Amino acid sequence: MRFSLAALVAVAGLVPIAASAQATMNHVAVNVTDQARSVAYYEEAFGLSEIPAPLNATPGRPRWMRLGNGVELHIQAIKVPFTPPPRIIHFALTVKDLDPVIAYLKKTGRTWTDYAGKVGEIKRTRTDGVRQIFTQDPDGYWIEVNDAAHRPPR
């Protein structure tokens, strides 16, 4: 009697390692020169809320913020200035409505660009209808902000 490899795997209850491995995002960590300023920025610009960090409550400890879907932003204090990478290296946040974020950026004198790099513009919408901008946090990390919340999951 001949059995296929798939049948033997199914009968044995074995799952190939590559098929069973599904990584999910846990957190993004940023090193900042002024932790309180960064926490305030992420709260005010994007509505993130701080959550307890299960670490020692020593001064300068990382402060954690809830991004959603179980993902966190860890804001870690450093004592030396950091040189931010180019815009191509960024993380993306999805919001329900991009307009309040743009209003915050305008109110606080912060700049943003569209995908093409045009400052203060959103000239181009993605082919899936999503609008996106790029801005920098107080320490220079690039953040893509988009309104993909309405897009069906892939």
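Computed from a predicted model, the values in this text were never measured in an experiment.

**Observations regarding unusual backbone geometry**
- Even without glycine at this site, Asn 69 takes up a positive phi of about 55 degrees.
- Within the secondary structure layout, Asn 69 lies in the loop between β3 (63-68) and β4 (71-77).
- When its relative accessible area of 83% is taken as the criterion, Asn 69 is described as exposed.

**Some words on the confidence of the model for the protein**
- Mean pLDDT over the protein works out to 83, with 81% of the residues at or above the 70 mark.
- When pLDDT is averaged over each helix and strand of the protein, the minimum, 40, is found for helix α1 (residues 5-12) and the maximum, 96, for helix α3 (residues 35-46).
- In this model residues 1-12 is a low-confidence stretch, pLDDT under 50, and it forms four contacts with partners more than four residues away in sequence or in other chains.

**Quick word on the packing of aromatic side chains**
- Taken as a whole and assessed by the stated rule, the structure comprises five aromatic pairs.
- Centre to centre, the rings of Tyr 41 and Phe 46 are 5.7 Å apart; their planes meet at 85 degrees, and the pair counts as edge-to-face. Comparing Tyr 41 with Phe 46, the two get one shared label, buried.
- Grouping aromatic residues by their ring pairs yields a cluster made of Tyr 41, Tyr 42, Phe 46 and Tyr 104.
- One residue, Arg 87, lies across the ring of Tyr 115, its end atom 6.0 Å from the ring centre.
- Taking the ring centre of Phe 134 as reference, the NZ or CZ of Arg 87 above it sits at 4.2 Å.

**Here we look at the pairing of β4**
- Burial within β4 is extensive, with five of its seven residues counted as buried.
- Sheet topology note: the strand β1 (residues 27-32)/β4 ladder contains six bridges and is parallel. Across the sheet, the residue bridging to Asn 31 is Gln 76, located in β4.
- In terms of strand pairing, β3 meets β4 through five bridges, oriented antiparallel. Counterpart to Met 65 in the pairing with β4 is Leu 73.

Criteria and cut-off values
- Residues numbered from 1 in each chain as written.
- Predicted model: local features only at pLDDT ≥ 70, side-chain atom pairs only at ≥ 80, totals over all residues.
- Heavy atoms only, no water.
- Helix = DSSP H or I, 4+ residues; strand = E, 2+ residues; numbered from the N terminus.
- Buried < 20%, exposed > 50% of the residue type's maximum accessible area, 1.4 Å probe, protein only.
- pLDDT = per-residue confidence, 0-100.
- Contact = heavy atoms within 4.5 Å.
- Phe/Tyr/Trp six-rings, centres within 6.5 Å; stacked < 30°, edge-to-face > 60°.
- Lys NZ or Arg CZ within 6 Å of the ring centre and 35° of its normal.
- Pairing = 2+ DSSP bridges.

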